[in-house]
Amino acid sequence: MIDQVAEKVVRRVILGFLLGGLLVLSYAVLHVFIVPVAWAIIIAFATWPLYRKLRARLRRYRTVSALLMTLLLSAAFILPVLWMGALLRTEVGVAIATVTSQIKAGLLALPDFVRSIPWVGDWLQSRLDNLTGDPDAFRVQLSEWVRQGSDQAVALIGDVGRNAAKLGFALITVFFLYRDGERVLAQVHVVLHRFLGERVDAYLAAVGGMTKAVVWGLIATALGQGLVAGLGYWWAGLPAPVLLGAVTALIAMIPFGTPFAWGSLGVWLLVSGDTAAGIGLLLWGTLVVSWVDNLVRPLVISNATQIPFLLVMFGVLGGLAAFGLVGLFLGPVVLAVLMAVWREWIEESDLGSRNHASSTSRIEPAPLLKDRP
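Report follows, based on the coordinates. (Residues numbered from 1 in each chain as written. Predicted model: local features only at pLDDT ≥ 70, side-chain atom pairs only at ≥ 80, totals over all residues. Heavy atoms only, no water.)

A word on helix 2 (residues 34-46)
Compared with an ideal rise of 1.5 Å per residue, which puts 13 residues at 18 Å, helix 2 spans 18 Å between its outermost C-alpha atoms and is within 8% of the ideal. Inspection of helix 2 places Pro36, Ala38, Trp39, Ala40, Ile42, Ile43 and Ala44 among the buried residues, and these make up the whole buried set. (Helix = DSSP H or I, 4+ residues; strand = E, 2+ residues; numbered from the N terminus. Expected span 1.5 Å × (residues − 1). Buried < 20%, exposed > 50% of the residue type's maximum accessible area, 1.4 Å probe, protein only.)

Rendered as structure tokens:
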């Protein structure tokens, strides 16, 4: 009997070491693809209702329906990015040429009310004079600033935006998730159920609910920022404010990306000589448009998942800082699972306390000893 128990223990220890080694080796092989796979899972989950409608029309052609959905998704990602990149490249070149020509003509100067500010006005004017003293050097410096800003924007977007190959891997993974996602999900559910038991259903529900809430929060925030920014563009007298608002909504899909939209337009108005409209648009973007991003997304996620607003805000911002753009989803999802575990423990503790109280109440008190005669 003792030998059999020892043999079972040895087998389990050896099996644990083998599994641990396999996990470490698997991570070494697949860690490059973790971010694309995470994006693929998020995208497939968010677009699954649309895929189900397409799948209903092509019931016998599961591979074809998955391929069509992947192609539509690729076009929805790639075409707007190419269009916006070409548009920004053209507009940045025109802006640099306009600023340089105004410097050569001596037309670039601070407004009178800015120069009249004590200490600050003189310092800003001296900085502007130093920059505009040599138009060619200022043009080179301005181009360098634009390049640095573009690098920072690309770094903010994360791995998917920085590396086209990873985007390709993500789209390939999405195709297989569309085709075999239900089967994979069933297998994952079986494996997790073996380790976690019945509670895995609550955890998966928390992950799914939080992912949906983040997606809808992202869409609602982008639409809200586009609408509010469009009102600012209309007030500033910019042409096609509806189109500019739509472009701002697309840029708002990138966290903290809207300042590049309304900020560049505000600076353009200042450079063009429309000082009041430029300053007004910059103030509107700073005080109103930016706060839509900071408030609407956490509010939508918090209301949809019944998780405290402060915790959701920490999850969004902390996830971005820890994991990049994909952390916008991973941060709240991790906190959602944590809240599910917390609530489960609280419910079990309350249930245990009630059972203990009911069991003690059923114990009859011992009869009092009668006095001896």
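A short note on helix 3 (residues 48-57)
Buried within helix 3 are the following residues: Trp48, Tyr51 and Leu54. For helix 3, the angular spread of buried residues about the axis comes to 115 degrees, placing them on one side. Across helix 3 from its buried face, at more than 90 degrees, point the exposed residues Leu50, Arg52, Lys53 and Arg57. (Arc of directions from axis to C-beta.)

Considering the side chain of Thr248
Locating Thr248 in the fold gives a position in helix 11 (residues 241-251). Residue class for Thr248 comes out buried when judged on its relative accessible area of 2%. Contacts of Thr248, omitting those with residues within four sequence positions, involve Gln225, Ala229, Tyr233, Thr258 and Ala261. (Contact = heavy atoms within 4.5 Å.)

Points about the pattern of salt bridges
Taken as a whole and judged by the stated rule, the model has two salt bridges. A salt bridge links Asp180 to Arg179, with the shortest nitrogen-to-oxygen separation between them at 3.1 Å. Accessibility expressed as a relative area gives 14% for Asp180, which makes it buried. A salt bridge links Asp180 to Arg183; the nearest nitrogen and oxygen atoms lie 3.9 Å apart. Here Arg183 and Asp180 lie together in helix 9 (residues 164-196), a separation of three residues that amounts to about one turn. Salt bridges sharing common partners tie together Arg179, Asp180 and Arg183. (Salt bridge = Lys/Arg side-chain N within 4 Å of Asp/Glu carboxyl O.)

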